[in-house]
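# Residue-level structural notes
The residues making up each chain are set out below.
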Amino acid sequence: MEPLYSGKAKSMYETDDPSVLRMVFRDDVTAFDAEKVDRIEGKGRYNAEICASVFEYLEGNGVETHFLERTGDAEMLVERLDIYALEVIPRNIATGSLVRKYPFEEGQELDPPVVVMDLKSDEYGDPMLNDDIVRALGIAGPGELEEIRDEALRVNNLLLEMVDERGLLLPDFKLEFGKRTDGEIVLGDEVSPDTCRFWTEGGRSLDKDVFRFDRGDLAEAYAEAAERILA
Ligand code: 5GP
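Quick caveat: nothing in here was measured; it's all calculated off a predicted structure. (Residues numbered from 1 in each chain as written. Predicted model: local features only at pLDDT ≥ 70, side-chain atom pairs only at ≥ 80, totals over all residues. Heavy atoms only, no water.)

## A word on the site of the ligand
In the vicinity of the ligand there are 15 residues, among which Arg-91, Ser-97, Asp-172, Asp-194 and Arg-197 approach most closely. Here the ligand loses 82% of its free accessible area of 490 Å² to cover by the protein chains. Listed by contribution, the elements that provide at least two residues to the shell around the ligand are β9 (86-93), β11 (168-173) and β14 (196-200). For the shell around the ligand, the element with the most residues is β9, which contributes 3 residues. Looking at the shell around the ligand, its residues break down into 3 nonpolar, 3 polar and 9 charged. (Near = heavy atom within 4 Å. Areas by Shrake-Rupley, 256 points an atom, 1.4 Å probe, with all protein chains shown as cover. Helix = DSSP H or I, 4+ residues; strand = E, 2+ residues; numbered from the N terminus. Nonpolar A, V, L, I, M, F, W, Y, C, P; charged D, E, K, R; others polar.)

Take a look at the structure:
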């Protein structure tokens, strides 16, 4: 069956129910605009189990997500959403592009957290947005943007509580939101070591930075992230 949509690490398939999609986490891993590419056996399964567990935790704490149920090692059913072309990135510790582009110190604590909104566009290199550009491009209305930002901060607080209990730090992560047909805004896409930075208290990365910067064995890092998060 042909996917409805195939991204760098996930494929979406239609199901018999037009409002439900099957989201399959593949073993592919890419970085730096797909300049660096590999396949890591087991990665799809680790991402799916971490993502399902995080979505269940968030749902249990009142956050609406697109997650319906896990249907296999590396797949789950999700609600079909109209996704905003936004990458919403809560940041608790300065690292990555924030340190490359702005005069923050690597590892500097950001309290209160900083929410960065980037345009989701490979063609334009995911540039950072401001409220006026979001409005002028017709990506989201002002009320919607405010709601998305508040929801991202709520997710951040809940995830910080979750990882703290497991001896992990959460420097930053990327969320995507979408709209149901009734207009309700819900969390979509995935929450996994592909889209989050997880650091041990000793500063070891348990996320895609291991692949981006050749910091060791990605499958081992994801296995450790899964073991801690699912505990
Ligand atoms: P940075 O802006 O430092 O590159 O990324 C910040 C955070 O958002 C990191 O946790 C990173 O994994 C996530 N992130 C930002 N953009 C993307 C993206 O296009 N794809 C994925 N998978 N994660 C992203």
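## Here's the deal with the sheet that holds strand β8 (residues 82-83)
With antiparallel pairing, 3 strands are arranged side by side in an open sheet as β8-β12-β13. Both outer strands of the open sheet, β8 and β13 (185-187), are each paired with one neighbouring strand and no more. Across 2 bridges, β8 lies against strand β12 (residues 177-179) in antiparallel orientation. Note that in β12 the partner of Ile-83 across the bridge is Gly-178. (Pairing = 2+ DSSP bridges.)

## Thoughts on the environment of Met-23
One can find Met-23 in strand β3 (residues 20-25). Between the C-alpha atom of Met-23 and that of Gly-107, which follows or precedes it by 84 residues, the distance is 34 Å. In contact with Met-23, other than residues within four places in its own chain, are Lys-10, Ser-11, Met-12, His-66, Ala-74, Glu-75, Met-76, Val-78 and Asp-189. (Contact = heavy atoms within 4.5 Å.)

## Observations concerning the state of the cysteines
In total, this model carries 0 disulfides according to the counting rule given. The thiol sulfur of Cys-51 is not disulfide-bonded, and the nearest other cysteine sulfur, from Cys-196, lies at 9.0 Å. (Disulfide = S-S within 2.5 Å.)

## Some details on the sheet that holds strand β2 (residues 10-14)
The strand order β1-β2-β3-β7-β6 describes an open sheet built from 5 strands, whose pairing is antiparallel. The open sheet terminates on both sides in strands that have one partner only, identified here as β1 (5-6) and β6 (67-72). As paired strands, β1 and β2 are joined by 2 bridges and run antiparallel to one another. Considered in β2, the bridge of Ser-6 is made with Ser-11. The strands touched by helix α1 (residues 43-60) are β3, β6 and β7 (75-79); relative to β6, the strand with the most contacts, the crossing angle is about 150°. (Axes fitted to C-alpha atoms, helices over the stretch in contact; angles between N-to-C directions.)

## Brief notes about the pattern of salt bridges
All told, the structure shown has 26 salt bridges when counted by the stated rule. Residues Asp-132 and Arg-135 are paired through a salt bridge, measuring 3.4 Å at the closest nitrogen-oxygen approach. Residue Asp-132 and its partner Arg-135 are both found in helix α3 (residues 131-136); the two are separated by 3 residues, about one turn of the helix. The class of Asp-132 is partly exposed, set by a relative accessible area of 49%. In this structure, Glu-224 and Arg-228 form a salt bridge, with 3.2 Å as the shortest nitrogen-oxygen distance. (Salt bridge = Lys/Arg side-chain N within 4 Å of Asp/Glu carboxyl O. Buried < 20%, exposed > 50% of the residue type's maximum accessible area, 1.4 Å probe, protein only.)

## Looking at helix α4 (residues 142-165)
Taking 1.5 Å as the rise per residue, α4 with 24 residues should run 34 Å; its terminal C-alpha atoms sit 35 Å apart, in good agreement. For α4, the set of buried residues is Leu-145, Ile-148, Glu-151, Ala-152, Val-155, Asn-156, Leu-158, Leu-159, Met-162 and Val-163. Among the residues trailing α4, Gly-167 stands out with phi positive, at a value near 70°. (Expected span 1.5 Å × (residues − 1).)

## Examining α1
Taking 1.5 Å of rise per residue, the 18 residues of α1 would be expected to cover 26 Å, and the 26 Å separating its terminal C-alpha atoms lies within 8% of that figure. Where burial is concerned, most of α1 is hidden: 13 out of the 18 residues are buried.

## Re the packing of α1 against helix α6 (residues 218-229)
For the pair α1 and α6, interaxial distance at closest approach is 10 Å and the crossing angle is 25°. With respect to their mutual orientation, α1 and α6 come out roughly parallel. You can see that α1 and α6 cross each other, and the crossing is left-handed. Along its contact with α1, which presents Lys-43, Tyr-46, Asn-47, Glu-49, Ile-50, Ser-53 and Val-54, the element α6 presents Leu-218, Ala-219, Tyr-222, Ala-223, Ala-225, Ala-226 and Ile-229. Among the residues forming the contact of α1 with α6, the class breakdown is 10 nonpolar, 2 polar and 2 charged. (Parallel < 35°, antiparallel > 145°, perpendicular 65-115°, else oblique. Left-handed = near helix turned anticlockwise from the far one by under 90°.)

It is worth stressing that arrangement in space is one thing and function is another; only the former is reported here.
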